[in-house]
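The lines below spell out each chain.
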Amino acid sequence: MDIYFDNRQTQTEIANEILKHLEKAIYLAIEKENIKIPVEVSVSFVENKEIQELNKKYRKKDCPTDVLSFPLIDREQLEDGHAPFTIPLGDIIISIPKVIEQAKEYGHSFLRELIYLTVHGMFHLLGYDHINQEEKAIMRNKEEFVMKSINITKNPS
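Residues numbered from 1 in each chain as written. Predicted model: local features only at pLDDT ≥ 70, side-chain atom pairs only at ≥ 80, totals over all residues. Heavy atoms only, no water.

**Q** Where do I start with the layout of surface pockets in this structure?
**A** Regions of empty space are outlined by a rolling probe, equal in size to a water molecule, passed over the atoms. A volume near 470 Å³ is recorded for the largest pocket. Lining of the largest pocket is provided by 21 residues; of these, Thr65, Asp66, Val67, His120 and His130 occupy positions nearest its centre. Elements that contribute at least two residues to the lining of the largest pocket include exactly α2 (48-59), β3 (67-71), α4 (96-106) and α5 (110-125). Across the lining of the largest pocket, the residue classes tally to seven nonpolar, seven polar and seven charged. (1 Å grid on protein atoms, 1.4 Å probe; cavity = no way out; pocket = protein on both sides within 12 Å on 5 of 7 lines; lining within 4 Å. Points joined across faces, edges and corners; volume = space filled by probe spheres on them. Helix = DSSP H or I, 4+ residues; strand = E, 2+ residues; numbered from the N terminus. Nonpolar A, V, L, I, M, F, W, Y, C, P; charged D, E, K, R; others polar.)

**Q** Would you explain the environment of leucine 54 in this entry?
**A** Following the sequence through the fold, leucine 54 ends up in helix α2. Expressed as a C-alpha distance, the spacing of leucine 54 and isoleucine 93, which sit 39 residues apart in the sequence, is 9.2 Å. Among residues more than four places away in sequence, those in contact with leucine 54 are Arg59, Leu68 and Ile93. (Contact = heavy atoms within 4.5 Å.)

**Q** Explain the sheet that holds strand β4 (residues 87-95) here, please?
**A** Sheet strands associate in pairs through backbone hydrogen bonding, adopting either a parallel or an antiparallel arrangement. Pairing in this open sheet of four strands is mixed, and the strands run β1-β2-β4-β3 from one edge to the other. Sheet topology places β1 (2-7) and β3 at the edges, where each strand pairs with a single neighbour. Adjacent strand axes in the sheet meet at a mean angle of 15 degrees when their direction is disregarded. Taken together, the six bridges between β1 and strand β2 (residues 39-46) define a ladder with parallel strand orientation. Residue pairing in the sheet places aspartate 6 in a bridge with serine 44 of β2. The sheet contacts of helix α1 (residues 16-32) involve β1, β2 and β4, and relative to β1 the element is tilted by about 140 degrees. Helix-sheet contacts for α2 involve β2, β3 and β4, and the interaxial angle to β3 is about 50 degrees. (Pairing = 2+ DSSP bridges. Axes fitted to C-alpha atoms, helices over the stretch in contact; angles between N-to-C directions.)

Right, dumping it as structure tokens:
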């Protein structure tokens, strides 16, 4: 698996230790879904202005959001199990100002919020959504599995 990080914001340094946690979470999401083919994921850290522009362009919502996911393939293509080359899953865009804001709002760490948004974005890339309650419950269970697997709880000590 190839993971590419792009830090396009200047507010917060994203240390290598944090990136290692994010890599582990991404690997666990792929493992949870039993994806056997080589895949590639891009994760970008941005300011609110950039994510607002993307949100407006692609979702017709003129406001900043915490995370956007842009899948490049359908889930069925992943389940084939064979690929002669690395398959690009897509891009995850995360607003660092939103990570900071939500971590404070929810009373947990910056790391926990960043990992959660990365995992949330990964499951969108893997074909999950939360449009209705049934889909939301499935997606939340998968997210919680990954978070617990790396020992990231809602209020880490």
